[in-house]
Amino acid sequence: MKRIGVISAAVLFCLVGITAPAHAQQDQQNTKPTKHEEQATPEKRTGNKQAKAKQQRQQHAQQQQEQQEQQQQDRAQQQRQAEGNDSKSERAGIDPPFVGYRELRKALLRYMRLAREDNGEKLPMPTDMGYPGPPYPGFIRLTQLLRLLGDLPDDYSAAAASSQAFDPALLQAVGHFQERHGLSATRYLDTETIEQLNIPLSYRVEQIRLALERYRRPRNDSPQPTIVVNIPALRLYAFDNEGKVALTMKVDVGDDFEDSRTPVLENSIEYLVFRPYWEVPLSIQRVDFVPFVAQHPGYLAMHHFDFKTSTGQRVAHGEVTKEVLNELRAGRLRIRQRPGSDNPMGMVKFMFPNRYNVYLHDIPEREFQFLLPQRVVSHGCVHVEKPAELAAWVLRNQPGWTLERVQQAMHNGHDNVTVKLSKPLPVLIVYSTVSAEEDGDIHFYDDIYGYDADRLQVLAKEVSIAEAKLK
């Protein structure tokens, strides 16, 4: 995971569009002598000038004191904003309409406190697996850190800690920490777990700040239930009318290549397609298929692919000749795969037309695929673990579309059947390496596309500029 130094909260106020108040202009004093002054002796006039100068100095000192007090008040407010308050939302009296946003604001304050309390001591890498194995030299620090983070109960006994034994309570705490950090809950103290434990809490603070920033970006304010896909979490959430999770499942997302990453977007699902064709994107056709079928001419016919013209006319499939290969390379012929068990679209896809040509869909052999912890494998589309359950939830307000009917349409229905939604359903694809779960747990994920690291680099440059201006 890419990391940079942590940004000081004390200077973040320079990044939210707030500046210190300008110095008040001192009123010009009327220096024209009065009649009494004109008649006064030079000594008296000198004394009057000295008294007036003293009065002006006192007024100036009082103005400076008032300005300093105002600046202190501004800095206090700016510090609060740097700790996660959304200044725009406060001015409008509205927070982003997500339960997770409010929970992450609470988490930000908690992790800021934890970062101040923790000494940052690093855990040594285990010589074995931590458990079972020889005594772990970082045992005391491990129990202290897991208690601080809330994975190990505060009342974990001193006797248990001093015994340096991996008892059931400690093993459960290790497993809970692993679950919260996108790891397999093996309860073994392996290298990946130690690496996550050694990430500074100050960096966790920055992750939460970025998550709060991204929560404020979506423009969707629809009262309808919403489907949210969090790319780093590799998870989909379907929310009901009260903002509670009605359905959740694992997903696959795009590989970490510039042209394969799943995009961050807002859109609405307009229709579903049961038993869909796979219309192979032209980029995949040229880069992946053409070189392969040039070496294996019978592959397309064996795997139920058709050819079609640019106007959509189907061309009889068969072995690829040199002429057909040239037409495929030029894009004048396009490849599509008929519905079936080997079709990468699976048995249903959820369509929200967009310029990236990505959507949610089923995949073959999903039972095996979703056992893998790292699922950054697609060309950009989002593969869903429970396609039938998701389709039934999306169609739940349309008469007759029960889970049983959905399963029938997927496995025994007609090919390429489109079902339009009576009302489009909002879908958000977001990128957040932190999430607040309904049980109160805060989960952290790998920065799989490096977007956090990129954003922190930008902020670090802006901080440097802001600090230079303050000098």
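Residues numbered from 1 in each chain as written. Predicted model: local features only at pLDDT ≥ 70, side-chain atom pairs only at ≥ 80, totals over all residues. Heavy atoms only, no water.

Some words on the overall build of the protein chain
Along its length, the protein chain carries 16 helices and 15 strands. By residue count, 42% of the 471 residues in the protein chain fall in the buried class. As displayed, the protein chain offers around 26100 Å² of accessible surface, 50% of which is attributable to carbon and sulfur atoms. (Helix = DSSP H or I, 4+ residues; strand = E, 2+ residues; numbered from the N terminus. Buried < 20%, exposed > 50% of the residue type's maximum accessible area, 1.4 Å probe, protein only. Areas by Shrake-Rupley, 256 points an atom, 1.4 Å probe, with all protein chains shown as cover.)

Some words on the pairing of strand 3 (residues 245–254)
In terms of strand pairing, strand 2 (residues 235–239) meets strand 3 through five bridges, oriented antiparallel. Opposite L236, over in strand 3, you have M249 as the bridge partner. Between the antiparallel neighbours strand 2 and strand 3 lie five residues, among them G243 with a positive phi of about 80°. Note: strand 3 against strand 12 (residues 382–384), two bridges, orientation antiparallel. Across the sheet, D252 pairs through a bridge with H383, a residue of strand 12. Bridge count for strand 3 against strand 11 (residues 376–378) is two bridges, and the pairing is parallel. What sits directly across from V253, in strand 11, is V376. (Pairing = 2+ DSSP bridges.)

Description of helix 15 (residues 403–411)
Three or more residues of helix 15 are buried, namely V406, A409 and M410. In a view along the axis of helix 15, the buried residues occupy a sector of 100°, so they form one face of it. On the buried face of helix 15, the contacting elements are strand 4 (265–274), strand 9 (348–351), helix 13 (366–369) and helix 14 (387–394). (Arc of directions from axis to C-beta. Contact = heavy atoms within 4.5 Å.)

Observations regarding the packing of helix 14 against helix 15
Two elements in contact, helix 14 and helix 15, have axes whose closest approach is 9 Å; the angle formed by their N-to-C orientations is 125°. The orientation of helix 14 relative to helix 15 falls into the category oblique. Pair helix 14 / helix 15 crosses with right-handed handedness. Touching P387, A388, E389, A391 and A392 of helix 14 are L403, V406, Q407 and M410, all from helix 15. Residues of the contact of helix 14 with helix 15, tallied by class, amount to seven nonpolar, one polar and one charged. (Axes fitted to C-alpha atoms, helices over the stretch in contact; angles between N-to-C directions. Parallel < 35°, antiparallel > 145°, perpendicular 65-115°, else oblique. Left-handed = near helix turned anticlockwise from the far one by under 90°. Nonpolar A, V, L, I, M, F, W, Y, C, P; charged D, E, K, R; others polar.)

Description of the packing of helix 10 (residues 282–295) against helix 12 (residues 322–330)
In contact at an axis separation of 9 Å, helix 10 and helix 12 are set at 170° when each is read in the N-to-C sense. When the interaxial angle is binned, helix 10 and helix 12 end up roughly antiparallel. Every pair of crossing elements has a handedness; the one defined by helix 10 and helix 12 is left-handed. Contacts between helix 10 and helix 12 pair Q285, R286, V290, V293 and A294 from the former with L325, L328, R329 and A330 from the latter.

Observations concerning a nonpolar patch on the surface
A cluster of nonpolar residues, F368, L371 and L372, forms a patch on the protein surface that exposes about 330 Å² of accessible area. On the secondary structure map, F368 appears in helix 13. (Patch = residues over 30% accessible without salt bridge, like charges linked within 9 Å, V, L, I, M, F, W, Y side chains within 5 Å. Salt bridge = Lys/Arg side-chain N within 4 Å of Asp/Glu carboxyl O.)

Remarks on the side chain of N354
Mapping N354 onto the fold places it in the loop between strand 9 and strand 10 (360–361). Polar side-chain contacts of N354 include one of 2.7 Å to the backbone oxygen of F352. At 3.0 Å, the side chain of N354 and the backbone nitrogen of Y356 are in polar contact. Sequence-distant contacts of N354, defined by excluding residues within four places in its chain, comprise L265 and N267. (Polar contact = N/O pair within 3.5 Å; in protein donor to acceptor, adjacent residues only side chain to side chain.)

Quick word on helix 10
If you check helix 10, its first and last C-alpha atoms are 19 Å apart, about what 14 residues at 1.5 Å a residue would give, namely 20 Å. Taking the largest bend as the criterion, helix 10 deviates by roughly 45°, centred on F289, and proline P291 comes between one and four positions later. Among all positions in helix 10, only I284, Q285, F289, V290 and V293 are buried. (Expected span 1.5 Å × (residues − 1). Bend = angle between axes of the 7 residues up to and from the residue.)

Notes on the sheet that holds strand 5 (residues 278–279)
With respect to topology, four strands assemble into an open sheet ordered 5-8-6-7, the strand pairing being antiparallel. Both outer strands of the open sheet, strand 5 and strand 7 (314–315), are each paired with one neighbouring strand and no more. Summarising the sheet, strand 6 (residues 305–309) and strand 8 (residues 333–337) pair through five bridges and their orientation is antiparallel. Each bridged residue has a counterpart across the sheet, and for T309 the counterpart in strand 8 is L333. Packing of helix 12 onto the sheet brings it into contact with strand 6 and strand 8, and relative to strand 8 it is tilted by some 90°.

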